[in-house]
Amino acid sequence: MIKLYRRTSRLILVLLQLAFVTAIFYDVLNEFSVLVFIGIIGFLALFSLVKMAHESHEKPTKSCILILFVTLGALFTFIINLKLDTGPVIAAAFIGTLASFTSTFFRNKENKIIKEIPPAIYCGTFVGMTSANIGAAYWFIILSSFIAGILFVLATNTFVGVGGKLGTLAFGGVAFVFLLSLIIR
């Protein structure tokens, strides 16, 4: 059964990338069916990740802490990018480098949650790199990083050994909030 979930997760990774391409075509075609397609793919991705999370039996406290660190990573990256005008790549690199040193500040380095904090922050930096044309408001970054944090927690046992996991999860959070904002408008 676990192999089925992993295969499904990889399929969803491909579908998310297809959704990105579809979003590009939506700008050109401007059809409602494209939004429906992206919504269905997002729902299927979330469903698959929720099913996988039920098998991992994560502690709720650990999940909340990781979601918080994804959100903090996104906010700090976004603030540094906007206020210091460094550019998104430099801001993300700076926050990611700081995150890599978090385990040296804690005495109990064997704790599993301490080992998962740097990837959570780095996932948030991808959200914080969002273009100001797409999400220039703090609420957009906070909501996107919260969704990406939930996806990060749910994808703990998925996409293992597959490159691009953190960026894809961040993309999923930003795409979901962007889609939501389009539907609300």
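Residues numbered from 1 in each chain as written. Predicted model: local features only at pLDDT ≥ 70, side-chain atom pairs only at ≥ 80, totals over all residues. Heavy atoms only, no water.

1. Observations regarding the overall build of the protein
(1) Moving on: Summing up its helical and strand segments, the protein has 8 helices and 0 strands in all.
(2) Moving on: The order of α-helices and β-strands along the protein, N terminus first, is α-α-α-α-α-α-α-α.
(3) Moving on: Going through the 185 residues of the protein one by one, you find that 42% of them count as buried.
(4) Moving on: In the protein, of all internal contacts separated by at least 6 residues, the share reaching a separation of at least 24 is 71%.
(5) Moving on: Total accessible area on the protein is roughly 10,700 Å²; 71% of this is exposed by carbon and sulfur atoms. (Helix = DSSP H or I, 4+ residues; strand = E, 2+ residues; numbered from the N terminus. Buried < 20%, exposed > 50% of the residue type's maximum accessible area, 1.4 Å probe, protein only. Contact = heavy atoms within 4.5 Å. Areas by Shrake-Rupley, 256 points an atom, 1.4 Å probe, with all protein chains shown as cover.)

2. Considering a nonpolar patch on the surface
(1) Moving on: Judged by side-chain polarity, Leu68, Leu72, Phe76, Ile79, Leu82, Tyr138 and Ile142 come together as a nonpolar surface patch covering roughly 570 Å² of accessible area.
(2) Moving on: Elements represented by at least two residues in the nonpolar patch include exactly α3 (60-83) and α7 (138-154).
(3) Moving on: You can see Ile142 is positioned in helix α7. (Patch = residues over 30% accessible without salt bridge, like charges linked within 9 Å, V, L, I, M, F, W, Y side chains within 5 Å. Salt bridge = Lys/Arg side-chain N within 4 Å of Asp/Glu carboxyl O.)

3. Some points on the environment of Ile67
(1) Moving on: Relative to the elements of secondary structure, Ile67 occurs in helix α3.
(2) Moving on: We classify Ile67 as buried; its relative accessible area is 13%.
(3) Moving on: Taking the C-alpha atoms as reference points, Ile67 and Leu151, separated by 84 residues in sequence, lie 8.9 Å from one another.
(4) Moving on: When near neighbours in sequence (up to four residues on either side) are disregarded, Ile67 contacts Phe146, Gly149, Ile150 and Val153.

4. Quick word on the packing of α7 against helix α8 (residues 165-184)
Between two packed helices, both the angle of their axes relative to each other and the distance between the axes serve to describe the pair.
(1) Moving on: At a closest axis distance of 8 Å, the pairing of α7 and α8 adopts a crossing angle of 130 degrees. Comparing their axes, α8 and α7 come out oblique. α8 is crossed by α7, and the crossing has right-handed handedness. Taken together, the residues of α8 that come into contact with α7 (itself represented by Trp139, Phe140, Leu143, Ser144, Ile147, Ala148, Leu151 and Phe152) are Leu166, Leu169, Ala170, Gly172, Gly173, Val174, Phe176, Val177, Phe178 and Ser181.
(2) Moving on: Of the residues assigned to the contact of α7 with α8, the class counts are 14 nonpolar, 4 polar and no charged. (Axes fitted to C-alpha atoms, helices over the stretch in contact; angles between N-to-C directions. Parallel < 35°, antiparallel > 145°, perpendicular 65-115°, else oblique. Left-handed = near helix turned anticlockwise from the far one by under 90°. Nonpolar A, V, L, I, M, F, W, Y, C, P; charged D, E, K, R; others polar.)

5. Quick look at the confidence of the model for the protein
(1) Moving on: On average, residues of the protein score 78 in pLDDT, and 66% of them are at 70 or above.
(2) Moving on: A low-confidence stretch, residues 53-57 (pLDDT under 50), is modelled with 5 contacts involving residues beyond four sequence positions or located in other chains. (pLDDT = per-residue confidence, 0-100.)

6. Details of the environment of Ala120
(1) Moving on: Along the chain, Ala120 falls in helix α6 (residues 112-128).
(2) Moving on: In this structure Ala120 comes out as buried when scored by relative accessible area, which is 0%.
(3) Moving on: Expressed as a C-alpha distance, the spacing of Ala120 and Ile67, which sit 53 residues apart in the sequence, is 7.5 Å.
(4) Moving on: In this structure Ala120 touches Leu66, Phe69, Val70 and Phe152, once residues within four positions along its chain are discounted.

7. A word on α7
(1) Moving on: Between its first and last C-alpha atoms α7 spans 24 Å; for 17 residues at 1.5 Å apiece the expected length is 24 Å, and the two agree.
(2) Moving on: Among all positions of α7, only Phe140, Ile141, Ser144, Ser145, Ile147, Ala148, Gly149, Leu151, Phe152, Val153 and Leu154 are buried. (Expected span 1.5 Å × (residues − 1).)

8. Quick word on the packing of aromatic side chains
(1) Moving on: According to the stated counting rule, one finds 3 aromatic pairs in the structure shown.
(2) Moving on: Ring plane angle 85 degrees and centroid distance 5.7 Å describe the contact between Phe78 and Tyr138, whose orientation is recorded as edge-to-face. Taken together, the residues Phe78 in helix α3 and Tyr138 in helix α7 connect sequence positions 60 residues apart.
(3) Moving on: A relative accessible area of 35% places Tyr138 in the partly exposed class.
(4) Moving on: Ring geometry for Trp139 against Phe140: centres 5.9 Å apart, planes inclined by 75 degrees, an arrangement best described as edge-to-face. (Phe/Tyr/Trp six-rings, centres within 6.5 Å; stacked < 30°, edge-to-face > 60°.)

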